[in-house]
Amino acid sequence: MYVELKNVNKKFGNFTAAENISFSVPKGSLAGILGPSGSGKTTILRMIAGLETPDSGDIIIDTQKVNELSPNRRGIGFVFQNYALFRHMTVFENIAFGLEIQKKDKTFIKNRVHELIKLVGMEGFENRRPHQLSGGQKQRVAFARALAPNPHLLLLDEPFAAIDAKVRKELREWLKETVKKVGITSIFVTHDQEEAAEAADKIIIVNRGKVEQIGTPAEIYKNPATPFAAKFIGDAVEIENYGNFHGFKIENGFEKALIRPEFVRISKIEDEIYPYASERGTVDGVSFKGRSMEIKVNVRGKSFLAYHSLEEAPIFAGEKVSVLIYKMYLYNNEKVKLIENASLKNEQEFSI
Amino acid sequence: MEKSFVKKILIFLGILFLAIMLVLPLVSVLFHAFENGIKVFIKSISNEEALKALQLTLIAAGAAVIANTVFGIFASFLITKFSFRFKKIFSLLIDVPLAVSPVVAGLMLIFAFGKRGWLGPVLDYLGTKIIFDIPGILIATIFVTFPLVFREIAPLMQTQGTEEEEAAAMMGANWFCIFRKITFPNIKWALFYGSALCASRALGEFGAVSVISGHLREKTNTMTLYVEILFNEFELASAFAVSSILVMISLMILILRTIAEYKAKKWEDK
Amino acid sequence: MFKGTFSADKNKAIPGFGLSFGITFAMVGFVVLVPLASIPLMFDGYSFKDFWETIADKQAVYAYVVSFSCAAFASGVNLFFGIVLAWILVRYNFPFKRLLDGMIELPFALPTSVAGISLTALYSDKGLIGGLFNMAGIKISYTPAGIVVSMIFVGIPFVVRSIQPVLEKLDRHYEEAAQIMGADSTHIFFKVIFPEIFPAAISGFGMAFARSLGEYGSVVFISGNIPYKTQTLSLVVMNKLEQFNYPGAASIALVMLAAASFVLCLSHILQIKRK
């Protein structure tokens, strides 16, 4: 393990920013700390960087305990949320700064900076100043500046938050590729689940200063370990009295359920396949989401979301439809449980 | 139709006000200074007393600019880049001299550093005299202009945040390097503006130094005190001549300040 | 996102905390705390009764009336012209506008005593402006009117410089929206613009008032320093100092300090309320 946190705690006055945080990141991998704003994710990153000091617990980088080590001796590159480019310096000077501090000789600096400018695809922009760059370009320069002194660990604070949605996706792929190419261990912080899922090898979900779940994006998506993780990942809608739906019974200790859009299939009534397992619902709204339609459907006074393929017969607002709920997550304050539509199971058994 | 009429009236009112209240007094100083010819003017400003007053004024203003610029830099760095206990109290204390009338400021200094002041015995023991002497004039001038540089640069440093400094520190830069290469270039024009503001206030300081000087002619006379003496002795031509020197220095600083302000604005817009 | 507000985070990344703290603390200590600590000493051996007698003395009471009424009147005039000046400087274009804008700073830049003697000469019976008024039988120098004139001089930049930035930032869409809804320009000014600049105007008024109240340099010459008539509070303090009546001077000074703080606090509260 390259980076390890063991029982790290941090309070600001009465506010708990980190409580018993423990996780590890293997060498060469890209980890994402995911959580809502105020969850303490930025504080965790700043503690790894040495910008904040933990009240207790250990932070270990490359087998060395670094709690007392000043930030500049931790071998870290840090990309700030708003990039923190030195506003009066050119792109070249920004990237060269760390090397100049290390008193490297001029030709070395020149070569290294040009190498990095090439890596981030900013050739021709060497003499621009930050205010002449777009958000994506600033991000690339900040990235190059962080990499210049050859750090062993790269930390990125909300790296895409300040960038247009369109450029964001492209930059995300670029970052993942480049990080892999350089082979540097990296940790980034984000509040966007899609971003974490797409870029990270491993996701660490934090909420209220605590780690909720650690795992690969697929693991976390498939098996949310805590109610928070289940609610935070996927566009789940919360439902009470889930026992009213066909194929589901109230289970002891679980009062509420979560339904993700992928768990629901909507079809025209004439196309209904499993009448015993299905419900009738009314379409409240339809919105186009690029690759599919997102449908808001109302069943027995509860509304939730479902996707509908563009290839299928179109569905319109106000239409009566057949709604099949495959499965849902039941949850209480501590646990999450996946249950499947019982009627559907039975019906499938009959049909075999 | 109606709009342009209102516009004309308002512009006329504004210009009239400025002309009568601000420009006329300025012009009248210069007019009276040269009223009795250039010879009288030169004689008024070249006698020993005038030169000594000019010298003391320049020393006091210089001391205030240096002390308060150094203070402004460190204090604003402290207040805006770090978080620590009693920060609010610190910034409040820094502003105190602005709330105090200069005459009252002089009074406080007498009770601190004077013979009956609480530091009096210490100063007596050291054999130094502050009140009714040149050091007192310097301290009084520093006191009344104390927060001016700080107040110009602190808000700017606050809006610029700490990320750039943090980024530099993470790469191993020391304090001096961070200040010289990161912080200073971002605030230089505001710093210059603040220093110039401090200089012009220091040059014109009257109330506090008037209390501190003890009206010792020649020894503790600044330009403004000298002007007062001349005016009270009905030496109007000399009073205006000496004043005109102050006016010219002040105007020069004002022009420099306006340039600095313009540059600072341009810099901030980036 | 989170800032440690409770303790000096020593291990924070940025170096220089110790150095900055040391220098700042030393200078604040020497320049501010040492003089502040002398305040109790001013009243050494001075009973509350003495204090009360000093501040309720006839000379002092007249000075309150002169100082407060002149400062209030001057600040009121400045409020009006401050709004006019800020308005024309932000909204209109006319020749020499930049020069005019720079001139607002003159009272900050000019030594107040120089302004004092100049205004005294201008507004005296033989002066350019005083002469005109004298023909109408009005005297300005050596009367309360003169004090008001010099207070207007020192106070005007505070009001203009408070309002100007607010007016610059004010979104013109408001006015355009009001215009589309059919409001006339007087209506727009009082219903849309004035409420926006009101807090800044109050703050400028407060600062100008506080400054006028403590003003000495420009007032001393033009007032004539006539007890019970044109003696302001700072002149009373100076008067007592010259008689080496330090506790007496300190008593009046304390009242001035309290009044100035009160006005500043009040304008501060009004501003916060508006937000």
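For every chain, the first residue of the written sequence is number 1, and numbering continues from 1 along that sequence. Chains and ligands are labelled sequentially in the order written, the chains with letters from A and the ligands with numbers from 1. Restriction of local features to residues with pLDDT of at least 70 applies here, the model being predicted, together with a cutoff of 80 or more for giving and counting side-chain atom pairs; totals for whole chains, interfaces and linings are based on all residues.

Colleague: Could you give me a rundown of the overall build of chain A, with the residues and numbers involved?
Modeller: The helix and strand inventory of chain A stands at nine helices and 19 strands. Counting only C-alpha atoms and orienting by the principal axes, one finds that chain A spans roughly 75 × 45 × 40 Å. Exposure is read from a count of other C-beta atoms within 10 Å of each residue's own; the residue is exposed at 12 or fewer, buried at 20 or more and partly exposed in between. C-beta atoms are placed from the backbone. The proportion of buried residues among the 352 residues of chain A is 43%. Across chain A, every contact between residues at least 6 apart in sequence was considered, and the portion connecting residues at least 24 apart equals 65%. Numbering of helices and strands runs from the N terminus, with a helix taken as a DSSP run of H or I at least four residues long and a strand as a DSSP run of E at least two residues long. Contact between two residues is assigned when their C-beta atoms, built from the backbone, lie within 7 Å.

Colleague: Describe in detail the overall build of chain C, supporting the description with residues and values.
Modeller: Looking only at helices and strands, one finds 14 helices and zero strands in chain C. Taken from the N to the C terminus, the helices and strands of chain C come in the order α-α-α-α-α-α-α-α-α-α-α-α-α-α. Overall, the C-alpha framework of chain C stretches about 75 × 70 × 35 Å when taken along its three principal axes. Looking at chain C as a whole, 47% of its 275 residues qualify as buried.

Colleague: Please give an account of the interface of chain C and chain B that cites residues and values.
Modeller: Taken together, the 76 residues of chain C in the interface contact 75 residues of chain B. Take the side of chain C that touches chain B: its biggest share by element is 13 residues, from helix H1 (residues 17–36) of chain C. Across the side of chain C that touches chain B, the residue classes break down as 56 nonpolar, 16 polar and four charged. Each residue is assigned to one class: nonpolar for Ala, Val, Leu, Ile, Met, Phe, Trp, Tyr, Cys and Pro, charged for Asp, Glu, Lys and Arg, and polar for all the others, Gly among them.

Colleague: Talk me through the sheet that holds strand E13 (residues 264–268) of chain A; I want residue IDs and the actual numbers.
Modeller: All names here are of chain A. Pairing between strands is defined by DSSP: at least two bridges between the two strands are required. With respect to topology, five strands assemble into an open sheet ordered E13-E17-E14-E15-E16, the strand pairing being antiparallel. The open sheet terminates on both sides in strands that have one partner only, identified here as E13 and strand E16 (302–309). Strand after strand, the sheet turns through a mean of 45° between neighbouring axes, direction not considered. Every angle, taken between N-to-C directions, lies between 0 and 180 degrees, and every axis is a line fitted to C-alpha atoms, over only the stretch in contact when it is a helix.

Colleague: Describe the domain arrangement of chain A, naming the residues involved and giving the relevant values.
Modeller: For chain A, the assigned domains read domain 1 (3–224) and domain 2 (235–351). Residue ranges assigned to the domains are those given by an automatic or database domain assignment. A separation of 39 Å is found between the C-alpha centroids of domain 1 of chain A and domain 2 of chain A.

Colleague: Which residues make up the sheet that holds strand E1 (residues 3–12) of chain A, and what values go with them?
Modeller: Residue and element names in this part refer to chain A. Across the sheet, four strands lie side by side as E2-E1-E4-E5; this open sheet has antiparallel pairing. Edge positions in the open sheet fall to strand E2 (15–25) and strand E5 (64–65), since each of these has one partner strand only. Where E1 lies against strand E4 (residues 56–61), five bridges are found, and the strand directions are antiparallel. What sits directly across from Glu4, in E4, is Ile60.

Colleague: Please set out unusual backbone geometry residue by residue, giving values where relevant.
Modeller: Residues and elements named next belong to chain A. Positive phi values are uncommon outside glycine, yet Asn150 reaches one of about 60°. By secondary structure assignment, the location of Asn150 is in the loop between helix H4 (135–147) and strand E7 (153–157). On the basis of neighbour counts, which here come to 13 C-beta atoms within 10 Å, the residue Asn150 falls in the partly exposed class. The phi angle at Arg300 is positive, at roughly 50°, despite the residue not being glycine. In this fold, Arg300 is placed in the loop between strand E15 (292–299) and E16.

Colleague: Tell me about the packing of helix H5 (residues 102–113) of chain B against helix H7 (residues 134–144) of chain B, and please be specific about residues and values.
Modeller: Residues and elements named next belong to chain B. Interaxial distance between H5 and H7 falls to 10 Å at its minimum, and their mutual angle equals 130°. With respect to H7, the axis of H5 lies oblique. Along this stretch, H5 crosses H7, giving a crossing that reads as right-handed. Mapping the contact onto sequence places Pro102, Ala105, Gly106, Leu109 and Phe113 in H5 and Gly136, Ile139, Ala140, Phe143 and Val144 in H7. Of the residues belonging to the contact of H5 with H7, the class tally is eight nonpolar, two polar and no charged. Each angle gets one of four labels, with under 35 degrees taken as roughly parallel, over 145 as roughly antiparallel, 65 to 115 as roughly perpendicular, and the rest as oblique. Crossing handedness is defined as follows: a turn of the near helix away from the far one that is anticlockwise and smaller than a right angle gives a left-handed crossing, while the clockwise case is right-handed.

Colleague: Pulling in residues and values, what's your account of the pairing of strand E10 (residues 210–215) of chain A?
Modeller: Residue and element names in this part refer to chain A. The pairing of strand E9 (residues 202–207) with E10 spans five bridges and is classified as antiparallel. In the strand pairing of E10, Val206 is matched with Val211. Between E9 and the antiparallel strand that follows it, E10, lie two residues; Arg208 among them carries a positive phi value of about 50°.

Colleague: So what about helix H9 (residues 144–169) of chain C? Which residues, and what values?
Modeller: Helix span, expected: 1.5 Å multiplied by one less than the number of residues in the helix. Between its terminal C-alpha atoms H9(C) stretches 38 Å, which fits the 38 Å expected from 26 residues at 1.5 Å a residue. Largest kink in H9(C): about 40°, centred on C:Gly155, with the proline C:Pro157 one to four residues after it. In this scheme, the bend at a residue equals the angle between the axes fitted to the seven residues that finish there and the seven that begin there.

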